[in-house]
Amino acid sequence: MSQRVEHSEIRGPLYQHQEIYIAGGTPLDHAVRRLAASVDARVRQETGQRSLWTSSPLVVRVRSTERPVQARESALLNLEDDSAGIAGIFRDLPHRQLAIIGEQGAGKTVQALLLTRELLPKPAQDADGPVPVFLSLASWHPDIPLMTWMAARVQQDHPDIGESRAQGRETALRLIRERRIIPVLDGLDEVRTGSVGEVIEGIGAAFDDRAPFVVTCRREEYVAAVEASGAPLARAAVVEIASVMVEDAIGYLSSAFTDDTRWRPLFQRLRDDPDGPVAHALSTPLMLFLARTAYKRPTTDPNELLAHSDVQSVEEHLLDAYIPATYARHLGLPYREDQAKRWLGTLARGPQEVHWWHFHSPIADLAAGLIFGLGTGWILYLMWNTAAAIGGAILVLASVGLTSSALREGKEIVITERETADSRSHLRRYRLLAVFVASVAGTAGSVGLSAWLGGVVGADSVTTMIYALVYGSFAAVATLISTAWGRYMAARLWLAMRGLLPFHLLRFIEDAHSRGVLRKPGVFYEFRHVRLQERLRADNSLLLQDHPHEVVKPETSRLQIAKAQLFVPVTRLMAHLAAIFITALIVGITFKGGPLKYETGKAPTRYDVHLQVGGGVDADFVTVPAWGWTMPPDNAVTSAFSVPPHRLGWPYRRLDGSIEVKNCEAASIVMSITVNASRTPHTHVLNTGRSTSFSTLGWQLPEDLNRVTVTFRRIDHAPCTAHIEWLDPALYADQLFGIRSHFD
């Protein structure tokens, strides 16, 4: 080992970088080899699922496009070769930047996979780079820098490149920056946000003239975007996948069968009418694959394709025949053909990628509302009666509906740039979040009801605990269902009960992938081809929708992410609790009091008092009813009132309002109140200038109250005339009578 030390002047910040050299190269060299081995295994699996490496593969030819989408003359190619030669063409390009375009179903993704395998260093364990990595652009959000997204995808798809997750991500980013990775970006036209032209500009800005990459795109979208923006990929050569020639198509179809008797009329039509609808439909790899799959059984007749008179009907026939052929009964599969078609149809009724938050159903919001409503109705029934319970439950249901409507555009789903590539970890995090929010709601409900039952109502500890646990469970379950994860689980269960999805969804998805119906270019699943998805969705409305979600910037703090994730579920919870509180408040305020009706004796003077609320320029006034009696010196008055039954059947607990002596400073008056036929009065001395609230006197009224008699007697000798004023005269009902009697 030798060392060399150079002395020079250092200005600016000083960073220390240490690199440990071990046998066989640097840690980055070992990361390259691990990545190559991982890519090789993944590509082998995916190409094997698609049966791409067969003894007689389909010959697909590419040519330099004649369309005006090339940026420079130096990028133009003059080639006419099969797909096996694309790797050599790519290596010979001056900038090693290539765009592959073709019509829908032309096999762009297949070419990208094959090119990835061809560009892999061999053997993989001795790779020195650069390593091609297949990445589906369908999961990229342009809000995230392309380099950051690619590093996250590489780390998620190939986690073994680093010793830890953080190290693996940093290693992936370093491999990209040092050009030891060749990104193979499939589906430029499948990026969900932003126009194709904007995506092209973003890719062009992310790669300099020395950074290799491959990108695929539909021909029409690519040409239209370049023509509209006038900004092609500046250094990329553009090749176009040619239509499959008739003899190549016949060779591919006949190679799969030992007896081609069934196929002869069809082959003859292809040769006789190479420009006809059948030949045109069978000029793409997708349709040829579907035809070979649909008619592989000896009992099938491929010549039924000849009955179709246009290209679209031929293609739709082949798309419709694919699922029955793949899930045919004779194969002994765990799923019937009708089940598989129905379940795949449900998956097709959503975005291209299958993400967990696509699964939702109104049943989740309805279930949350019903559970909250039942819990609220149960408490209100114990406190008051059935009418109050029904009214409260309806108010809670309305609150849930209004809240769900108001939050429909709320971005409850927050995705970090790492989680765009890892839906499993994202789902786990939202499951933990749902459990946390539900636990908080359940604990708050249990503690609140426990304090109320034990402290206010006076129930015993065992009863209090039981009721608190039951109500807390209501609150927890309802809150859990109202979260994003809860709605996902409720929707899955609801769709499974309706037969639209299997109960074991992941098992079915993995089986569909093993049969080639779905593909898995990374860590998420999608349909083998968008044409198949569109056909399965054709007779169905959109069912699985892409919820409004937010892809946060890389620099977003964890606190900001947590706030964004908690906003919607906490808002829902607060709305539910507010509905319960408002229900109790409305019922309590509306029915708390009862009137006193004058019967005999001295009739009080009835009038209104305007009381000031607040002060200064913002002061306001409220009107309060009042009764008054005039008391000359040495005088006494008696007034008798009848008590009608309470509207809800509650007993009256005490007199309500406040009473005060006015207009005579030295006046002292004894107030005596008797109820029913009792001879024992409640007495209290009233003095001028001191207002007395009946709530402070502690006078309890009997449950069978029907009459109240009030007597005022002056005990002073002052010569002035006093005035007695009773503000807001009424009876205060015992709102807790029902629940007290229940526990008694």
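On a predicted model such as this, the values are computed, not experimentally measured, just so you know. Per chain, the residues get numbers from 1 upward, laid out in the order the sequence is written. Local features in a predicted model are, by the rule used here, given only for residues with pLDDT of at least 70; side-chain atom pairs are given and counted only at 80 or more, and totals for whole chains, interfaces and linings are based on all residues. Each side-chain value is derived from all of the structure's non-hydrogen atoms; neither hydrogens nor water enter the calculation.

**Some words on the overall build of the chain**
- Helix and strand content of the chain: 22 helices and 22 strands.
- Classification of residues uses two cut-offs on accessible area relative to the type maximum, computed with a 1.4 Å probe and protein chains only: under 20% is buried, over 50% is exposed, and between them is partly exposed. The buried share of the chain, reckoned over its 744 residues, is 51%.
- In this description, contact between two residues means that some pair of their heavy atoms is separated by no more than 4.5 Å. For the chain, the proportion of contacts with a sequence separation of at least 24, taken over those separated by at least 6, is 77%.
- In these tables, accessible area is a Shrake-Rupley quantity obtained with a 1.4 Å probe, and a residue counts as shielded only by the protein chains included in the view. Counting only carbon and sulfur atoms, one obtains 54% of the accessible surface of the chain, whose full area is about 35,600 Å². Helix and strand definitions here come from DSSP, where helices need a minimum of 4 consecutive H or I residues and strands a minimum of 2 consecutive E residues; each element is numbered from the N-terminal end.

**Regarding the packing of aromatic side chains**
- Pairing of aromatic rings covers Phe, Tyr and Trp, the last through its six-membered ring, and needs centres within 6.5 Å; plane angles under 30 degrees mean stacked, over 60 mean edge-to-face, and all others mean tilted. With the rule as written, the count across this model stands at 13 aromatic pairs.
- The interplanar angle of 90 degrees and the centroid separation of 5.1 Å between the aromatic rings of Tyr335 and Phe508 together place this pair among those described as edge-to-face. Taken together, the positions of Tyr335 in the loop between α12 (311-326) and α13 (337-348) and Phe508 in helix α19 (residues 505-514) put the pair 173 residues apart, joining distant regions of the chain. The same class applies to Tyr335 and to Phe508, which are both buried.

**Some points on the sheet that holds strand β18 (residues 668-675)**
- Here, strands pair whenever DSSP counts at least two bridges between them. Pairing within the open sheet is antiparallel, and its 5 strands lie in the order β13-β16-β21-β18-β19. Across the chains shown, the open sheet's two edge strands, defined by having one partner strand only, are β13 (597-601) and β19 (682-687). When the angles between neighbouring strand axes are averaged without regard to direction, this sheet yields 25 degrees.
- Note that strand β16 (residues 636-642) and strand β21 (residues 707-714) share 7 bridges and pair antiparallel. Across the sheet, residue Ser642 finds its bridge partner in β21, namely Arg707. Axes here mean lines fitted to C-alpha atoms, for a helix over just the part in contact, with angles spanning 0 to 180 degrees between N-to-C directions.

**Some points on unusual backbone geometry**
- Despite not being glycine, Asp634 shows a phi value in the positive range, around 55 degrees.
- Relative to the helices and strands, Asp634 resides in the loop between β15 (620-631) and β16.
- Of note in the backbone geometry, Asn663 takes a positive phi value of approximately 70 degrees without being a glycine.
- Inspection of the secondary structure puts Asn663 in the loop between β17 (652-662) and β18.

**Digging into helix α17 (residues 461-482)**
- The terminal C-alpha atoms of α17 lie 31 Å apart, and with 22 residues this matches the ideal 32 Å at 1.5 Å per residue to within 8%.
- Within α17 the residues assigned to the buried category are Thr463, Thr464, Tyr467, Ala468, Tyr471, Gly472, Ala475, Ala478, Thr479, Ile481 and Ser482. To estimate the expected span of a helix, subtract one from its residue number and multiply by 1.5 Å.

**Some thoughts on the state of the cysteines**
- By definition, disulfides here are pairs of cysteine sulfur atoms that lie within 2.5 Å. Evaluation of the coordinates by the stated rule reveals 1 disulfide.
- Residue Cys664 pairs covalently with Cys720 via a disulfide, S to S 1.6 Å. Here the S-S torsion is close to 45 degrees, and the disulfide linking Cys664 with Cys720 is therefore right-handed. Placement of the pair is Cys664 in the loop between β17 and β18 and Cys720 in the loop between β21 and β22 (722-733), with a sequence separation of 56 residues.
- Cys664 gets classed as buried once you look at its relative accessible area, which sits at 2%.
- Residue Cys720 is classed as partly exposed on the basis of its relative accessible area, which comes to 24%.

The values are spatial; any link to function lies outside them.
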